[in-house]
Amino acid sequence: FRAERFRSIIVSAMLQSRQYFLPQLLEPIKPDQLKIDSASCCLIAHCGEGEKQLLSSVVLPESGLIYILIGPEGDFTEEETQILIGKGFQPVSLGNTRLRTETAGVVSAALLALSR
């Protein structure tokens, strides 16, 4: 994880798209270290088996934070997925195709923006 490189990319993208909001880049943490307040909308997109709702059909809150976790290359482990679901994350699907991690993040942001 090269934080400065990623921050530089984020700033370049922000300037290029003329956006005035700088997203916060957090250091990677393990699922059991994650702390989310109960008022947030928490979603996890993963490729594992199980029932999932399409992200485009999730009813989002009118206000508050929305967290969507995208797995690393190779996806979350089954144990990580179960820990996160146990913490209240709702499993979602981004569609029928498997996406690269960086593409999944962009698709998720676009779907969430269109849902609001």
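Presented here is an overview of the structure given in this document. As the structure is a prediction and not an experimental result, all values here were calculated from the model.

Thresholds, definitions, all that
- Residues numbered from 1 in each chain as written.
- Predicted model: local features only at pLDDT ≥ 70, side-chain atom pairs only at ≥ 80, totals over all residues.
- Heavy atoms only, no water.
- Patch = residues over 30% accessible without salt bridge, like charges linked within 9 Å, V, L, I, M, F, W, Y side chains within 5 Å.
- Areas by Shrake-Rupley, 256 points an atom, 1.4 Å probe, with all protein chains shown as cover.
- Salt bridge = Lys/Arg side-chain N within 4 Å of Asp/Glu carboxyl O.
- Helix = DSSP H or I, 4+ residues; strand = E, 2+ residues; numbered from the N terminus.
- Buried < 20%, exposed > 50% of the residue type's maximum accessible area, 1.4 Å probe, protein only.
- Core = buried A, V, L, I, M, F, W, Y, C linked by side-chain atoms within 4.5 Å.
- Contact = heavy atoms within 4.5 Å.
- Pairing = 2+ DSSP bridges.
- Axes fitted to C-alpha atoms, helices over the stretch in contact; angles between N-to-C directions.
- Polar contact = N/O pair within 3.5 Å; in protein donor to acceptor, adjacent residues only side chain to side chain.

### Some remarks on a nonpolar patch on the surface
- Together, Phe-1, Phe-6 and Ile-9 give the surface a local cluster of nonpolar side chains, amounting to about 280 Å² of exposed area.
- Tracing the backbone through its elements, the reader meets Ile-9 in helix 1 (residues 3–16).
- Residue class for Ile-9 comes out partly exposed when judged on its relative accessible area of 43%.

### Some points on the nonpolar core
- Residues Cys-41, Leu-43, Ala-45, Leu-55, Val-58, Leu-60, Val-92 and Leu-112 constitute the largest nonpolar core, which totals 8 residues.
- Broken down by element, the residue count for this core peaks at 3 residues, all from strand 1 (residues 41–45).
- Excluding residues within four positions of it along the chain, Cys-41 makes contact with Leu-60, Pro-61, Leu-65, Ile-66 and Tyr-67.
- Core analysis: the second largest hydrophobic core is formed by 6 residues, Leu-34, Ile-44, Phe-76 and Phe-89 among them.

### Describing the sheet that holds strand 4 (residues 90–93)
- Spatial ordering of the open sheet is given by 2-4-1-3, a layout of 4 strands whose pairing is parallel. For this open sheet the edge positions go to strand 2 (53–54) and strand 3 (66–70), each flanked by a neighbour on one side alone.
- Relative to strand 4, strand 1 runs parallel, the two sharing 3 bridges. Note on strand 4: the bridge partner recorded for Ile-44 is Pro-91.
- Those strands touched by helix 3 (residues 101–115) are strand 1 and strand 3, and its axis lies near 155° from that of strand 3.

### Observations concerning the environment of His-46
- For His-46, the position within the fold is in the loop between strand 1 and strand 2.
- Among the residues examined, His-46 registers a relative accessible area of 9% and is labelled buried.
- With 24 residues separating them along the chain, His-46 and Ile-70 place their C-alpha atoms 6.8 Å apart.
- Leave out the neighbours within four places in its chain, and His-46 touches Lys-52, Asp-75, Phe-76, Thr-81, Pro-91 and Val-92.
- There is a polar contact of 3.0 Å between the side chain of His-46 and the backbone nitrogen of Gly-48.

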